[in-house]
Amino acid sequence: MNLAPMLGDYTLPRVTRLETLEQRRLVELDIPGRAGNLFQDLGRGPARLVVEGSVFGDEPGSAFLSSARERYLAGEPLTFVSDIATGTALQYVMIERLHVQAAASAADQVDYTLWLVECPPPPPPSDLLGGIDDGLLDAAAGMLDSALGALDSLAALGSLPELSDPTAGLSDMLGDAGDALGALGSAGGALGDLLGG
């Protein structure tokens, strides 16, 4: 098995251990009176990888550290290619944790550990107006121009009558109708007296 994984366009140097962890997210549901529990499957969680390796020499060690830190600080999804990830849907990872260690017993050796987590890039933003026919937009703009032209034509005709409170005339009519109903009520009372007697 080839233990030279590619992280983006960078080949991780001298990998000594590569480990993957895939885990299904399950919710355990307690059922009273039942032997055992039920589990609800929430799907597969993100895959995680641990990559360990060593770099020898001051210059290669410094080059590795600057390259690894640059990718870690960017915090962006990177492509990942490795034999151990074959058969998984793993394509993009993000560096979750970076651990670098140097020991006095081996002054020219730098040991590193990378914790990678599956992190596909977000989908591109959807084009909200992408499905609208351009002809419809042009027609709507034409209608708006026509409406604005009609308003300009009305303004050119001169001053329009004052359209204030249209209910003022109605209140006078309602007062007259109330007087007529009162007279009708008294006439009805007189008619009742006449027929009753």
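Residues numbered from 1 in each chain as written. Predicted model: local features only at pLDDT ≥ 70, side-chain atom pairs only at ≥ 80, totals over all residues. Heavy atoms only, no water.

1. Structural notes on the overall build of the chain
For the record, the criterion: Comment: elements are numbered from the N terminus, with helices defined as DSSP H or I runs of at least four residues and strands as E runs of at least two. Contacts were defined at the residue level, with two residues in contact if any of their heavy atoms lie within 4.5 Å. Note on areas: these come from Shrake-Rupley sampling with a 1.4 Å probe, and a residue is covered only by the protein chains present in the view.
Regarding its fold elements, the chain presents three helices and nine strands. The helix and strand sequence of the chain, counted from the amino end, reads β-β-β-β-β-β-α-β-β-β-α-α. Summarising the internal contacts of the chain: among those between residues at least 6 apart in sequence, 61% fall at separations of at least 24. Surface accessibility of the chain: about 14200 Å² in total, with carbon and sulfur atoms responsible for 59%.

2. Some remarks on unusual backbone geometry
The criterion, for reference: The cut-offs for exposure are 20% and 50% of the maximum accessible area for each residue type, with area from a 1.4 Å probe on protein chains only; residues under the lower value are buried, those over the upper are exposed, and the others partly exposed.
In this structure, Arg14 takes a positive phi of about 40° despite not being glycine. Positionally, Arg14 belongs in the loop between strand S2 (10-11) and strand S3 (15-21). For Arg14, a relative accessible area of 57% translates into the label exposed.

3. Describing the pattern of salt bridges
A side chain with one charge may pair with a side chain of the opposite charge, provided their charged atoms come close. For clarity, the cut-off: In the sections that follow, a salt bridge refers to a side-chain nitrogen of Lys or Arg positioned within 4 Å of a carboxyl oxygen of Asp or Glu.
Summed over all chains, the structure comprises six salt bridges. Here Asp9 makes a salt bridge to Arg71, at a shortest N to O gap of 2.9 Å. Of this pair, Asp9 sits in the loop between strand S1 (6-7) and S2 while Arg71 sits in helix H1 (residues 58-74); the two residues are 62 residues apart in sequence, bridging distant segments of the chain. Here Arg17 makes a salt bridge to Glu52, at a shortest N to O gap of 2.9 Å. Taken together, the residues span a long stretch of sequence, with Arg17 in strand S3 and Glu52 in strand S6 (residues 48-56) at a distance of 35 residues. For Arg17, a relative accessible area of 33% corresponds to the partly exposed category. Here the residues in one salt-bridge network are Arg17, Glu19 and Glu52, joined through shared partners.

4. Some words on a nonpolar patch on the surface
Our working definition: Two joining distances apply to patches: 9 Å for like charges and 5 Å for nonpolar side chains (Val, Leu, Ile, Met, Phe, Trp, Tyr), and every residue must have over 30% relative accessible area and no salt bridge.
Side chains of Val27, Leu29, Ile31, Leu38 and Leu42 sit close together on the surface and give an oily, nonpolar patch of about 350 Å² of accessible area. Where the nonpolar patch is concerned, the elements lending two or more residues are strand S4 (24-29) and strand S5 (38-44). In this fold, Ile31 is placed in the loop between S4 and S5. Looking at Ile31, the relative accessible area reads 33%, which means it is partly exposed.

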